[in-house]
Amino acid sequence: MKRISLTQHLVEEQRLNNNISAELRLLIEVVARACKTISHAVGKGALGEVLGSANTENIQGEVQKKLDILSNEILLEANEWGGHLAAMASEEMESIHLIPNRYPKGEYMLLFDPLDGSSNIDVNVSIGTIFSVLKAPEGMQTPVEQDFLQPGSQQVAAGYALYGPQTMLVLTTGHGVNCFTLDREMGSWVLTQRDMKIPADTQEFAINASNARHWFPPVTRYVNELLAGSTGPRQKNFNMRWIASMVTDVHRILTRGGIFMYPADAREPGKEGKLRLMYEANPMAMLVEQAGGAATNGKQRMLDIPPEKLHQRVAVFLGSKNEVDRVTAYHQ
Ligand code: P6P
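K.L.:
Explanation requested: the sheet that holds strand β13 (residues 259–262) in the structure shown.
P.N.:
Adjacent strands of a sheet form backbone hydrogen bonds with each other and so pair up, either parallel or antiparallel. Spatially, the five strands line up as an open sheet ordered β12-β11-β13-β15-β14, and their pairing is mixed. Only two strands of the sheet have a single partner each, and these edge strands are β12 (239–240) and β14 (294–296). Bridge analysis of strand β11 (residues 204–206) against β12 gives two bridges, and the strand direction is parallel. Following the sheet pairing, Phe205 is matched in β12 by Met240.

Here it is, written out as structure tokens:
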């Protein structure tokens, strides 16, 4: 197959759909380049003296890994100078990050989880970077947190890098989902899968089953039916996967179908779940919908949720449409 680079893909997408301004193309290429740098650091492991904890905590009260902080810095530095951004927001930073005055500002806002699944770093399990792109509100002067609080349907692009046996970049700009594989010898992203699609049905589910005793009834009912397999109401057997790295679980689902669930549960009443809306659930929901799947918080379409806080958590049900619709219906 003729090698299509990320740049050629973006230029052709712009010609076809007129949806990728020069600034947005620069943004995506800069983020992709930063992910190459992160992949290189992650790949060094103990040889790069980047494993272990940084002995600091993030806004979520989670102990930060050295690679969490390094990845965050790589993305900040890569994006500050280009003139394409008004501001950035990250899981690793309590408040939004303004573009330094010495640089021009742009019309886009970038949100990211610089290294998701970091509990897997020290045990050499695949991890990833998740990113979401919004447009700055019309007439915005100095960005404030409120300017970021747009529903996921407002995203103009979303994607993730997956640092696994291959390093991959999966991207949507609103016209389907495409996958690029990093050619390490050339240092270039090569289009390896066009227009990824999630089958509407599946026989594979992903949930952390150790929380079963805390689940609310709709989730308990849904999962018990899957576990009953061919002897129960679903009349077919299901398989289970839980990698505890959202990027990796979602990539499997984009590749072969499945349903991913991180529900709210009774452990902390009022806590909507573990995953974050703005830079985990929303970008993944855009990708999944663009691939023909569905994404909800159990009660409504993920991309319709009006955000209230930058780091707010949300319950997540995403993947094969018929399964997401079923478990969401059980919540009604
Ligand atoms: P648990 C990783 O820490 C993460 O944010 C997601 O990538 C992953 O899906 C989830 O948390 C795993 O959570 O409770 O199973 O460890």
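K.L.:
Help me understand unusual backbone geometry, please; the structure alone is not making it clear to me.
P.N.:
Outside of glycine, negative phi angles account for most residues, and trans bonds account for most peptide bonds. The backbone of Asn124 sits at a positive phi, close to 60°, despite the residue not being glycine. By the secondary structure assignment, Asn124 is in the loop between β5 (108–116) and β6 (127–135). Look at Asn124 and you get exposed, because its relative accessible area is 71%. Of note, Gln235 is a non-glycine position whose phi angle comes to about 55°, a positive value. On the basis of relative accessible area, Gln235 is assigned to the exposed category, the value being 65%.

K.L.:
Help me understand the site of the ligand in this model?
P.N.:
Asp116, Gly117, Asn208, Trp242, Ala244, Ser245, Met246, Phe260, Tyr262, Lys274 and Leu275 make up every residue found near the ligand. Contact distances for the ligand include 2.8 Å between an oxygen atom and a side-chain N or O atom of Asn208. Against a free-state accessible area of 400 Å², the protein chains account for coverage of 84% of the ligand. Across the shell around the ligand, the residue classes break down as six nonpolar, three polar and two charged.

K.L.:
It is not clear to me how the pairing of strand β10 (residues 188–193) should be interpreted in this structure. Could you clarify?
P.N.:
Where strand β9 (residues 177–183) meets β10, five bridges bridge the pair, whose relative direction is antiparallel. Paired with Phe180 across the two strands is Leu191, which belongs to β10. In sequence, β9 turns back onto β10 through a hairpin of four residues, with Gly187 there showing a positive phi of about 70°.

Definitions and cut-offs
Residues numbered from 1 in each chain as written. Predicted model: local features only at pLDDT ≥ 70, side-chain atom pairs only at ≥ 80, totals over all residues. Heavy atoms only, no water. Pairing = 2+ DSSP bridges. Helix = DSSP H or I, 4+ residues; strand = E, 2+ residues; numbered from the N terminus. Buried < 20%, exposed > 50% of the residue type's maximum accessible area, 1.4 Å probe, protein only. Near = heavy atom within 4 Å. Polar contact = N/O pair within 3.5 Å; in protein donor to acceptor, adjacent residues only side chain to side chain. Areas by Shrake-Rupley, 256 points an atom, 1.4 Å probe, with all protein chains shown as cover. Nonpolar A, V, L, I, M, F, W, Y, C, P; charged D, E, K, R; others polar.

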